[in-house]
Amino acid sequence: MTVGIVVVSHSLALAESAVELALQMVHGDPPPIRVAAGTMDGGLGTDAAAVMAAIGEVDGGDGVVVFVDIGSALMSAELGIELYGHPESDIRILAAPFVEGLVAGVVQAVGGAGIDDVARESESALKPKHAHLGVEPAPTGPDPTSGPTAEAITEAVLVNETGLHARPAALLVAEARRFDADILVSNGLIGPVSASSSIGLATLNARKGDTLRLVATGPQAGAAVESLAGFITAGFGE
Amino acid sequence: MGTVTSTDLTIDQLADWLRRFAGIVEQNKSYLTDLDSAIGDADHGANMARGTAAVVSHLDEANTVDALLKKAGMTLVSTVGGTSGPLYGTLLMKMGMATGNVTQLSTAEFARAFRAGLDGLIARGKTELGDKTMVDALAPALDALDASVADGAQWPDAAAAAAAAAAAGRDATTPLIARKGRASYLGERSIGHMDPGAASSTYLFDALVEVLG
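Rules behind the numbers
- Residues numbered from 1 in each chain as written.
- Chains lettered and ligands numbered in written order.
- Predicted model: local features only at pLDDT ≥ 70, side-chain atom pairs only at ≥ 80, totals over all residues.
- Heavy atoms only, no water.
- UniProt positions renumbered as here; feature names shortened; annotations may be inferred.
- Core = buried A, V, L, I, M, F, W, Y, C linked by side-chain atoms within 4.5 Å.
- Buried < 20%, exposed > 50% of the residue type's maximum accessible area, 1.4 Å probe, protein only.
- Contact = heavy atoms within 4.5 Å.
- Helix = DSSP H or I, 4+ residues; strand = E, 2+ residues; numbered from the N terminus.
- Expected span 1.5 Å × (residues − 1).
- Arc of directions from axis to C-beta.
- Axes fitted to C-alpha atoms, helices over the stretch in contact; angles between N-to-C directions.
- Parallel < 35°, antiparallel > 145°, perpendicular 65-115°, else oblique.
- Left-handed = near helix turned anticlockwise from the far one by under 90°.
- Nonpolar A, V, L, I, M, F, W, Y, C, P; charged D, E, K, R; others polar.
- Pairing = 2+ DSSP bridges.
- Buried area = accessible area lost by both parts, 1.4 Å probe.
- Salt bridge = Lys/Arg side-chain N within 4 Å of Asp/Glu carboxyl O.
- Polar contact = N/O pair within 3.5 Å; in protein donor to acceptor, adjacent residues only side chain to side chain.

With an unreviewed UniProt entry as reference, chain B is termed Dihydroxyacetone kinase, C-terminal domain, source organism Tessaracoccus bendigoensis DSM 12906.

Per an unreviewed UniProt entry, chain A goes by Phosphocarrier protein HPr and derives from Tessaracoccus bendigoensis DSM 12906. Regarding chain A, the relevant UniProt record gives this comment under Catalytic activity (unreviewed entry): "dihydroxyacetone + phosphoenolpyruvate = dihydroxyacetone phosphate + pyruvate".

Put into structure tokens, the structure is as follows:
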């Protein structure tokens, strides 16, 4: 799966910087990503024809997500999709925050997520901010150890100085995606969240010294929790 | 393709229409920007002047009405920069898609194509009459044009009636509360200001009057 990403902004500098920020989370090949930003003469504005061209460059058949900033970006993106044609292509403008959504979407796309996962992660990308500021409670679920499907459980202590910040979270997501298993992570009373969700992991607010609990189900549950626990206690290679 | 009669708009007249629209926009660039600075981001004049000037630079490239209008629309979506780009661009592109591969339009054909363009613009902007937008000038103008066609009126009277209706619609945006675009953030503070998009929309009909007058 390789979901394409298009970034539509009034400002070329804003779009390029947002992409730079998101690509900091990428440790291998970047996903197919293009910006369509600014006017042809270098001013502020959006260009539906540029959006159309950018979509064409990243549409590899697994879908394209489009991030938009303000005002006319949305309408230019809609028109750009219409001009591009190709009704067989799954092209979605995301109702995601521009910067946070792009970061989350890039992490998902690099991990090989399908377009549904990329879209869902991007559109819930304000959750960590909401959780931190108390705007919304951090997502909680049932006790992960109580369900009948729990197959492998382990715990791991965070050793790296900065805790489970964005870069280690992205690495953990990539590692979790290697296994055929559903892996949930909780930090004390916070969580559980999916180990393949960088947004979810960010809401755990996990710091150095915190103990993360990993619970996995699925064919590779045992190998998955063992690998992730080793990865965490090794400090994510940082 | 019918024979050219006095009621037909030729492709050269349609190109002249777009050229004169660009001219009126350029003359009123500061005025449009002043209107937009009151309730928007103060770029409507500059954006429309840049876009319509680009349209003029491509007018010689088309040999048919549909190609002329589609090219003009595509040029606007690429060069205006603001929301007016996709809106005016959709208007002209949908208009071009409705005319077919012809070199002149009768009054009725022009009205029908313009209606297709307006429908496209309304779908693009998800706009309704009374939202304090371009539609508030364009819709009554089109209604007037359709009424002229139904009455058997010819150019230039039909154009003059449409222009008058557009101006009345534009003026009627002043007491409205903006419900679309950046002006909608102002809520009741948008009352008392004319909508810049409605103002520039009237220039389409003023330009038509110039061409036919």
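After that view of the structure, there is still more to cover.
**Quick word on the nonpolar core**
Formed by 58 residues in total, the largest nonpolar core has its most connected members in Trp17, Phe110, Phe114 and Phe205 of chain B. Among all residues touching Phe110 of chain B, those that are not within four sequence positions of it are Leu9, Leu14, Trp17, Met95, Leu105, Leu145, Trp155 and Leu208 of chain B. Residues Val106, Ala109, Ala181 and Ala216 of chain A belong to the second largest nonpolar core, which totals 53 residues.

**Considerations on helix α9 (residues 221-233) of chain A**
Residue and element names in this part refer to chain A. Helix length check: α9 (13 residues) gives 18 Å between terminal C-alpha atoms against 18 Å at 1.5 Å per residue, within 8%. Among all positions in α9, only Ala221, Ala224, Val225, Leu228, Ala229 and Ile232 are buried. Buried residues in α9, looked at end-on, bunch into an arc of 120 degrees, giving them a common side. Summarising the contacts, the buried residues of α9 are in contact with β5 (152-157), α7 (166-176), β6 (182-187) and β8 (211-217). In the stretch just after α9, Gly235 is the one whose phi turns positive, near 75 degrees.

**Digging into the packing of helix α7 (residues 135-151) of chain B against helix α8 (residues 157-171) of chain B**
Residues and elements named next belong to chain B. Following both chains from N to C, one finds α7 and α8 inclined at 150 degrees, their axes separated by 7 Å at the closest point. The pairing of α7 with α8 is recorded here as roughly antiparallel in orientation. The way α7 lies across α8 gives a crossing that is right-handed. Between α7 and α8, the contacting residues are Asp136, Ala137, Pro140, Ala141, Ala144, Leu145 and Ser148 on the first element and Ala158, Ala161, Ala162, Ala165, Ala166, Gly169 and Arg170 on the second. In the contact of α7 with α8, the residues fall into ten nonpolar, two polar and two charged.

**Here we look at the sheet that holds strand β7 (residues 190-194) of chain A**
All names here are of chain A. The strand order across the open sheet formed by four strands is β5-β8-β6-β7, and the pairing between neighbours is antiparallel. Of all the strands in the sheet, just β5 and β7 have a single pairing partner and so form its edges. Along the sheet, successive strands turn relative to each other by an average axial angle of 20 degrees, direction set aside. Summarising the sheet, β6 and β7 pair through three bridges and their orientation is antiparallel. Note on β7: the bridge partner recorded for Val185 is Val193.

**Section: the UniProt feature "domain: PTS EIIA type-4" (unreviewed entry) in chain A**
The UniProt record annotates "domain: PTS EIIA type-4" (unreviewed entry) at residues 2-133 of chain A. Structurally, residues 2-133 of chain A comprises 49% helix and 14% strand, and the distance from its first C-alpha atom to its last is 34 Å.

**Focus on the pairing of strand β3 (residues 64-68) of chain A**
Residues and elements named next belong to chain A. Within β3, five of the five residues are buried, leaving the element largely enclosed by the surrounding structure. Residues of β3 alternate between two faces, with Val64, Val66 and Val68 on one and Val65 and Phe67 on the opposite face, all of them buried. Pairing geometry for strand β1 (residues 4-9) and β3, over five bridges, is parallel. Bridge assignment links Ile5 to a residue of β3, and that residue is Val65. Here β3 pairs with strand β4 (residues 91-93) via three bridges, running parallel. Counterpart to Val64 in the pairing with β4 is Ile91.

**Notes on the UniProt feature "domain: DhaL" (unreviewed entry) in chain B**
When the UniProt feature table is mapped onto this chain, "domain: DhaL" (unreviewed entry) is found at residues 12-210 of chain B. Annotated as residues 12-210 of chain B, this span is 69% helix and 1% strand, and its ends, taken at the C-alpha atoms, are 14 Å apart.

**A closer look at the interface of chain A and chain B**
Taken together, the contact between chain A and chain B spans 18 residues of the former and 17 residues of the latter. Together, the buried faces of chain A and chain B total about 1300 Å²; carbon and sulfur atoms form 57% of this surface. The tally of links between chain A and chain B comes to three salt bridges. Residues Arg124 of chain B and Glu82 of chain A are paired through a salt bridge, measuring 2.8 Å at the closest nitrogen-oxygen approach. At the boundary of chain A with chain B, the tally comes to six residue pairs in polar contact (both at pLDDT 80 or more). Of all the elements in the fold, those that place two or more residues in the side of chain A that touches chain B are α2 (48-58) and α3 (72-84) of chain A. When the residues that make up the side of chain A that touches chain B are grouped by side-chain class, the tally is seven nonpolar, seven polar and four charged.

**Some remarks on the sheet that holds strand β2 (residues 33-37) of chain A**
Residues and elements named next belong to chain A. Read from one edge to the other, the open sheet built from four strands follows the order β2-β1-β3-β4, with strand pairing classed as parallel. Edge strands, defined here as strands with exactly one partner in the open sheet, are β2 and β4. On average, adjacent strands in this sheet sit at an angle of 20 degrees to one another, irrespective of strand direction. Strand direction decides the pairing type here: β1 and β2, joined by five bridges, are parallel. By the bridge assignment, Val8 is partnered in β2 with Ala36. Its contacts with the sheet put helix α1 (residues 12-23) on β1 and β2, and the angle it makes with β2 is roughly 160 degrees.

**Some details on unusual backbone geometry**
Of note, the bond from Gly191 of chain A into Pro192 of chain A is cis; its omega dihedral lies within 30 degrees of zero at 5 degrees. Assignment of secondary structure puts Pro192 of chain A in strand β7. Across the junction of Trp155 of chain B and Pro156 of chain B, the peptide omega takes the value -5 degrees, indicating a cis bond. In this structure, Pro156 of chain B sits in the loop between α7 and α8.

**Here's the deal with helix α9 (residues 196-212) of chain B**
Since the α-helix advances by 3.6 residues per turn, residues separated by three or four positions end up pointing in the same direction. Residue and element names in this part refer to chain B. Relative to the 24 Å expected for 17 residues at 1.5 Å per residue, α9 spans 25 Å between its end C-alpha atoms, a close match to the ideal helical length. The element α9 is extensively covered by neighbouring structure, given that 14 of its 17 residues are classed as buried. A distance of 3.2 Å separates the backbone nitrogen of Gly197 from a side-chain oxygen at the start of α9, and that oxygen is part of Asp195.

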